[in-house]
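Residue-level structure breakdown
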Amino acid sequence: VTDAPVCITCGDVAVPMRVVATGGEDGLADCVTEDGDAAEVDVALIDAVTAGDAVLVHACVAIQRLETEAVA
Amino acid sequence: VKYVDEYRDAELGRALSIEIAAAVQPGRHYKIMEVCGGHTHAIYKYGIDDLLPDNVELVHGPGCPVCVIPMGRVDDGIALAREPGVIFTCFGDMLRIPGSTESLQDAKAGGADVRMVYSPLDALRIARSEPDRHVVFFAIGFETTAPSTALTLKRAKAEGIENFSVMCSHVTIVPPLKALLESPDLRLDGFVGPGHVATIVGARPFEFIPADYGKPVVISGFEPLDVLQSILMILRQIEGGEARVENQYKRVVPQEGNLRALEALAEVFVLRPHFEWRGLGFISQSALALSDAYADFDSERRFVVPGVRVADPKACQCGEVLKGVIKPWECKVFGTACTPEHAIGTCMVSPEGACAAYYNYGRFAREKVVV
């Protein structure tokens, strides 16, 4: 069964992502999902992140840190 | 993936299902509302309702931000999209929401420059790259999404960007819950609380539910075992004669919320005196507008917005569905005149809408992970 497309506004799509690089455009962090989808993420709402950290992302903003093993 | 696989384990699901069955009294009916559209989606995707005893009824709440936008607000958006020089940006699901005569997608087909974005930051990027045009972002969403708009506006202000504004339609979760609790036609026994809203606002805003109304609230994650465990926690509170806010989603939700996000919200937004919700009518202090410090970025102050008021279509019963008074299939047009392809009501448009969740998973391909 394929997933129905999920609406971005809903809490449902707060997705776990891994930080790949920090210090990008305007202090955004490059992040990827487990499936390899990449996004530039605003990390202003959480403590400083470094490459390898796992974060929960909603609408391109990290709203929470996750334990590092949360994202493969 | 940790946090995903371990919360979809079929064995544990079966065990929880048995515990739930043991926790209820056979002669009693339990009506539990899941507030968030994400939970509604998970319940139907994984067939969680099939794992519950017959006397535990799940009622779907108003927590889908697309579903609660009234028609008039869509008409206002279309009016802005038609302003000369405007690039109108919004999340994908807003494109298909019906206004009184057309949707934003129709307006786009008719020549308006309407573009889908994945975040407000994407809209700001368009503004930077097209300085001769004015970019409007149609901001919707609960407290989970509002910080993203707030951070983008703070950036826009810091950069001195003048061709960007926000048509703010962010809503807040507590006032509609109060309205539902005051509603005489809906008697609820407990709430599955919205996990990602609580990640921002914390657990405290929900404390009025047990304190003033004597109903338990369990803030829940979005995986199937999260939802099952939350239901069990609610039932145990009810049977134990308790009512308090519990946090099932402790791995993500801090008790106090995200203080930086709350600071950003307080700087950028103020509460609107009232806001119209589809199906629920006007609810006081239930939505956000831009603060005076961000007046220059307020589409409603930069443009003349018609402020259209349109009654919901008569055939559509989204209001009753949003209040949990009827189930989606009880609506007269469900699955016939109203389908995800040709939606009359908002609840059928967004995948988190209760009607779309029933239609997509109930009628065709309900995926079962357990039993």
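Residues numbered from 1 in each chain as written. Chains lettered and ligands numbered in written order. Predicted model: local features only at pLDDT ≥ 70, side-chain atom pairs only at ≥ 80, totals over all residues. Heavy atoms only, no water.

Quick notes on the overall build of chain A
A tally of regular secondary structure across chain A gives zero helices and five strands. For chain A, the α and β elements follow one another from N to C terminus as β-β-β-β-β. Considering chain A as a whole, with its 72 residues, one finds that 50% of them fall into the buried category. A separation of at least 24 residues holds for 35% of the contacts in chain A among residues at least 6 apart in sequence. Total accessible area on chain A is roughly 3,000 Å²; 51% of this is exposed by carbon and sulfur atoms. (Helix = DSSP H or I, 4+ residues; strand = E, 2+ residues; numbered from the N terminus. Buried < 20%, exposed > 50% of the residue type's maximum accessible area, 1.4 Å probe, protein only. Contact = heavy atoms within 4.5 Å. Areas by Shrake-Rupley, 256 points an atom, 1.4 Å probe, with all protein chains shown as cover.)

Describing the overall build of chain B
If you tally the helices and strands in chain B, you get 14 helices and 13 strands. For 371 residues, the compact-globule formula gives about 21 Å, and the C-alpha radius of gyration of chain B, at 21 Å, lands near that figure. In terms of principal-axis extent, the alpha carbons of chain B reach across some 65 × 45 × 40 Å. For chain B, buried positions account for 63% of its 371 residues. With an accessible surface of roughly 13,800 Å², chain B has 50% of that area assigned to carbon and sulfur atoms. Averaging the positions of the 38 positive and the 47 negative side-chain charges in chain B gives two centres separated by 0 Å. (Rg over C-alpha atoms; globule rule 2.2 N^0.38 Å. Lys, Arg positive; Asp, Glu negative; His and termini not counted. Charge placed at Lys NZ, Arg CZ, Asp CG, Glu CD.)

Regarding a negative patch on the surface
The grouping of A:Glu34, A:Asp35, A:Asp37, B:Asp5 and B:Glu6 at the surface amounts to a negative patch. For B:Glu6, the location among the structural elements is in the segment before helix H1 (10-23). B:Glu6 sits in the partly exposed class, given a relative accessible area of 33%. (Patch = residues over 30% accessible without salt bridge, like charges linked within 9 Å, V, L, I, M, F, W, Y side chains within 5 Å. Salt bridge = Lys/Arg side-chain N within 4 Å of Asp/Glu carboxyl O.)

Quick word on the nonpolar core
Residue and element names in this part refer to chain B. In this structure, Phe-88, Phe-164 and Ile-231 are the most contacted members of the largest nonpolar core, which totals 141 residues. Tallying contributions element by element places helix H10 (residues 224-239) first for this core, with nine residues. Phe-88 has contacts with Gly-77, Leu-80, Ala-81, Leu-104, Asp-113, Val-114, Arg-115, Val-136, Phe-138 and Met-167, leaving out every residue within four places of it along the chain. (Core = buried A, V, L, I, M, F, W, Y, C linked by side-chain atoms within 4.5 Å.)

Side note on the sheet that holds strand E1 (residues 30-36) of chain B
Residue and element names in this part refer to chain B. Pairing is parallel across the open sheet formed by five strands, whose spatial order is E2-E1-E7-E8-E9. The open sheet has two edge strands, strand E2 (56-63) and strand E9 (245-247), and neither has a second partner. Mean inter-strand twist for the sheet, computed between neighbouring axes without regard to direction, equals 25°. When E1 meets strand E7 (residues 190-194), the two strands line up parallel, connected through three bridges. Among the inter-strand pairings, Ile-32 is bridged to a residue of E7, identified as Gly-190. Where H10 meets the sheet, its contacts fall on E1, E2, E7, strand E8 (217-220) and E9, and the angle it forms with E8 comes to roughly 165°. (Pairing = 2+ DSSP bridges. Axes fitted to C-alpha atoms, helices over the stretch in contact; angles between N-to-C directions.)

Observations regarding the packing of aromatic side chains
The geometry of an aromatic ring pair is captured by two quantities: the separation of the ring centres and the angle between the planes. Residues and elements named next belong to chain B. All chains considered together, the criterion is met by nine aromatic pairs over all chains. With a centroid separation of 6.1 Å and 50° between ring planes, the pair formed by Phe-142 and Trp-277 is classed as tilted. Residue Phe-142 is located in the loop between strand E5 (134-141) and helix H6 (146-159), and its partner Trp-277 is located in strand E11 (residues 274-277); the two are separated by 135 residues in the primary sequence. Its relative accessible area of 5% is what places Phe-142 among the buried residues. Taken together, a centroid distance of 6.1 Å and an interplanar angle of 75° make the contact between Phe-222 and Tyr-249 edge-to-face. Of this pair, Phe-222 sits in the loop between E8 and H10 while Tyr-249 sits in the loop between E9 and helix H11 (259-268); the two residues are 27 residues apart in sequence, bridging distant segments of the chain. Here Phe-222 falls in the buried class, since its relative accessible area comes to 8%. Of the aromatic side chains, those joined through ring pairs into one cluster are Tyr-44, Trp-329 and Tyr-358. Sitting over the face of the ring of Tyr-294, Lys-157 holds its NZ or CZ atom 4.6 Å from the ring centroid. Sitting over the ring of Phe-208, Lys-178 keeps its end group 4.8 Å from the ring centre. (Phe/Tyr/Trp six-rings, centres within 6.5 Å; stacked < 30°, edge-to-face > 60°. Lys NZ or Arg CZ within 6 Å of the ring centre and 35° of its normal.)

A few points about the confidence of the model for chain B
Regions with low pLDDT should not have their predicted coordinates read in detail. Residues and elements named next belong to chain B. When the pLDDT values of chain B are averaged, the result is 90; 96% of them are 70 or greater. Counting contacts from residues 363-371, a segment whose pLDDT is below 50, to residues more than four positions away or on other chains yields 26 contacts. Scored as a whole, the predicted complex attains pTM 0.89, and scored at its interfaces, ipTM 0.87. (pLDDT = per-residue confidence, 0-100.)

Topic: the sheet that holds strand E3 (residues 86-90) of chain B
All names here are of chain B. The strand order across the open sheet formed by four strands is E4-E3-E5-E6, and the pairing between neighbours is parallel. Since the sheet does not close on itself, it has two edges, and those belong to strand E4 (114-116) and strand E6 (164-170), each with one partner. Each adjacent strand pair in this sheet contributes to an overall mean axis angle of 25°, direction not counted. Where E3 meets E5, four bridges bridge the pair, whose relative direction is parallel. Pairing of Val-86 across the sheet is with His-134, part of E5. Strand contacts of helix H3 (residues 71-81): E3, E4, E5 and E6, with the helix running at about 175° to E6, the strand carrying the most contacts. Contacting E5 and E6, H6 runs over the sheet at an angle of about 160° to E6.

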